[in-house]
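# Summary of the model geometry
Take a look at the letters that make up each chain.
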Amino acid sequence: MVIQCKIYFSQQKPVETFSVEFYLADMKTTTISGAQQPIVFESSGECFDDLINWIGSNQSDVVNQLHQAGALLFRGFPVDTPAQFERVAKAIDSELKNDYLGTSPRDKVQGTDFVFTASELPGFYPIMQHCEMSFLPNPPRKLFFFCHIEPPYGGETPICDFRKVYEQLDEKVRNDFEQKGVMTVRNYSGLGSGSKFNLFELKKWNQMFLTDDKKEVEKKCAENGIEFEWKANDSLRLINKTPAVITHPQSGRKTWFNHTQVFHISASAYEYKHIHARQQRLKTLFYSLFTAAIIPFKKFTNSPDEQSMNMKFGDGTVIPDEYVKHIEEVIWKNMVIFRWKKGDVLAIDNFCTSHGRLPYEGPREILVSWSA
Ligand SMILES: [Fe+2]
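Residues numbered from 1 in each chain as written. Predicted model: local features only at pLDDT ≥ 70, side-chain atom pairs only at ≥ 80, totals over all residues. Heavy atoms only, no water.

Helix and strand counts for the protein chain stand at 11 helices and 22 strands. Taking 372 residues into account, the globule formula puts the C-alpha radius of gyration at 21 Å, and the protein chain, at 21 Å, falls close to it. Taking the principal axes of the C-alpha coordinates as reference, the protein chain spans close to 60 × 45 × 40 Å. A buried classification covers 55% of the 372 residues belonging to the protein chain. Accessible surface computed for the protein chain: about 16500 Å², of which carbon and sulfur atoms make up 51%. With 43 positive and 46 negative side-chain charges, the protein chain shows a separation of 3 Å between the mean positions of the two kinds. (Helix = DSSP H or I, 4+ residues; strand = E, 2+ residues; numbered from the N terminus. Rg over C-alpha atoms; globule rule 2.2 N^0.38 Å. Buried < 20%, exposed > 50% of the residue type's maximum accessible area, 1.4 Å probe, protein only. Areas by Shrake-Rupley, 256 points an atom, 1.4 Å probe, with all protein chains shown as cover. Lys, Arg positive; Asp, Glu negative; His and termini not counted. Charge placed at Lys NZ, Arg CZ, Asp CG, Glu CD.)

With 20 residues, helix H10 (residues 282-301) extends 29 Å between its outermost C-alpha atoms, agreeing within 8% with the 28 Å of an ideal straight helix rising 1.5 Å per residue. Taken as a whole, H10 has its buried residues at Thr-284, Tyr-287, Ser-288, Thr-291, Ile-294 and Ile-295. Buried residues in H10 make contact with helix H9 (267-279). (Expected span 1.5 Å × (residues − 1). Contact = heavy atoms within 4.5 Å.)

Counting across every chain of the model gives 18 aromatic pairs. Arranged with centres 6.1 Å apart and planes meeting at 65 degrees, the rings of Phe-338 and Trp-340 form a pair that is edge-to-face. Ring-pair connections join several aromatic residues into one group, and the members of that group are Phe-124, Tyr-125, Tyr-272, Phe-286, Tyr-287 and Phe-290. Across the ring face of Tyr-166, the terminal group of Arg-174 is positioned such that the distance to the ring centre comes to 5.3 Å. (Phe/Tyr/Trp six-rings, centres within 6.5 Å; stacked < 30°, edge-to-face > 60°. Lys NZ or Arg CZ within 6 Å of the ring centre and 35° of its normal.)

The next subject is the confidence of the model for the protein chain. Confidence in the prediction of the protein chain, expressed as mean pLDDT, is 90, and 91% of residues score 70 or more. The model gives residues 1-17 a pLDDT under 50, and that stretch makes 25 contacts with residues more than four places away or in other chains. (pLDDT = per-residue confidence, 0-100.)

A separate point is the packing of H9 against helix H11 (residues 321-334). Packed helix pairs are specified by the crossing angle of their axes together with the interaxial distance, meaning the distance between the axes. With their axes 9 Å apart at the nearest point, H9 and H11 run at an angle of 35 degrees to one another. Viewed along their axes, H9 and H11 form a crossing whose handedness is right-handed. The segment H9 lies against H11, with Ala-267, Tyr-270, Glu-271, His-274, Ile-275 and Arg-278 engaging Asp-321, Val-324, Lys-325, Glu-328, Glu-329 and Trp-332. Of the residues in the contact of H9 with H11, the class split is 5 nonpolar, 1 polar and 6 charged. (Axes fitted to C-alpha atoms, helices over the stretch in contact; angles between N-to-C directions. Left-handed = near helix turned anticlockwise from the far one by under 90°. Nonpolar A, V, L, I, M, F, W, Y, C, P; charged D, E, K, R; others polar.)

What follows concerns unusual backbone geometry. Keep in mind that most residues, glycine aside, have a negative phi and that most peptide bonds are trans. Of the consecutive residues Gln-37 and Pro-38, the connecting peptide bond is found in the cis state with omega at -5 degrees. Mapped onto the fold, Pro-38 is located in the loop between strand E3 (27-30) and strand E4 (39-42). The backbone of Met-133 sits at a positive phi, close to 50 degrees, despite the residue not being glycine. Mapped onto the secondary structure, Met-133 falls in the loop between strand E8 (127-130) and strand E9 (142-149). Phi is positive for Leu-210, close to 55 degrees, though the residue is something other than glycine.

Let's shift gears to the packing of helix H5 (residues 171-180) against H11. Taken N-terminus to C-terminus, the directions of H5 and H11 make an angle of 110 degrees; their axes are 11 Å apart at the nearest point. Judged by the inter-axis angle, H5 sits roughly perpendicular to H11. Contacts from Lys-172, Val-173, Asp-176 and Phe-177 of H5 reach H11 at Tyr-323, His-326 and Ile-327. Among the residues forming the contact of H5 with H11, the class breakdown is 4 nonpolar, 1 polar and 2 charged. (Parallel < 35°, antiparallel > 145°, perpendicular 65-115°, else oblique.)

Looking now at the side chain of Asn-310. Assignment of secondary structure puts Asn-310 in strand E17 (residues 309-313). The class of Asn-310 is buried, set by a relative accessible area of 5%. When sequence neighbours within four positions are dropped, the list of residues in contact with Asn-310 reads Met-183, Thr-184, Val-185, Phe-263, His-264, Ile-265 and Pro-304.

Here we come to the pairing of E17. Most of E17 is tucked away: 5 of the 5 residues are buried. Of the pairings in the sheet, the one linking strand E12 (residues 182-188) to E17 comprises 5 bridges and is antiparallel in character. Residue pairing in the sheet places Val-185 in a bridge with Asn-310 of E17. (Pairing = 2+ DSSP bridges.)

Ranked by size, the top nonpolar core spans 68 residues in total, and within it Phe-145, Val-165, Phe-177, Phe-209, Leu-238, Trp-256 and Leu-346 carry the most contacts. With 6 residues, H11 is the largest single contributor of residues to this core. Once residues within four sequence positions are removed from consideration, Trp-256 is found in contact with Cys-131, Phe-162, Val-165, Tyr-166, Leu-169, Phe-177, Ala-244, Val-245, Gln-261 and Ile-327. One finds Ile-52, Leu-66, Val-79 and Val-345 within the second-largest nonpolar core, a separate group that totals 30 residues. (Core = buried A, V, L, I, M, F, W, Y, C linked by side-chain atoms within 4.5 Å.)

Structure follows, in structure tokens:
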């Protein structure tokens, strides 16, 4: 692989608008405002089959680049349909999967085997930075996102290099997490259908496990190292203990790899403060105040194990709120936020790079696939 680097600094614009341009096997690549991720592969007018053939011929270089940078963005190529997106994802990794034990309501896209809507959560609801299914023993290795309908406002899918987050955390916070690991607690109410959103509840357990059969649920829990407990009215509590940090298989760097900034009871209030600081809308002010007010109420009315979701240290002790606040500050400092363009395909190394979603207005359709 020959890389030519050109670094542009504009005299009229602030330094942070510089971009880095280089070539990977004759494909022009750039960066977004000089960020280390994602590496952007830009179309030079190739047709769809040219893109598939190019990825096929350079697959190992592409995957190496993905492991190094953490994220690659293919932009401007004629990727128009979910089926075409699936072919791009398969060209990068032929082992796509379609099992999902995460918390987002998701729908499979017709006419594909491995493409899903990224999340059916309503537009005002933020999705905090996370590595997909980090609480399971075998999380997806790669993720692929596709912009089918470009949102007119917001709805970015920010990404963050969790290797940097690990390195920049306060030493005591980092040590506590490394020594104790984390315990993920999720509570699902009884059987249900449809993807109706409830602010105070996760989706129903049969929607996540795709079965109403409790024995089948128990089998899947055992396969994934999840402790389960059936409660009154068919409700289900899931608990799993995992390390808080992993070592990235290719770079050998340690990576923050847990859902504390998503599932901890205080996480949403800190997240919305950051979101309001960025979007500065009446709606974000409302949700920022609302989440700050609702959390003491939730803490008062339910024990830590009875929250719809929560995170504790692996030994069962409470993760202090100030730890969560600090983690979110480090994440926001390292986040890369860019606007979606129709046809974008974003590939993510799930073992080092997180993703999330900012609130949005208007239509938006982002699709997702993942590999083993
Ligand atoms: Fe996700």
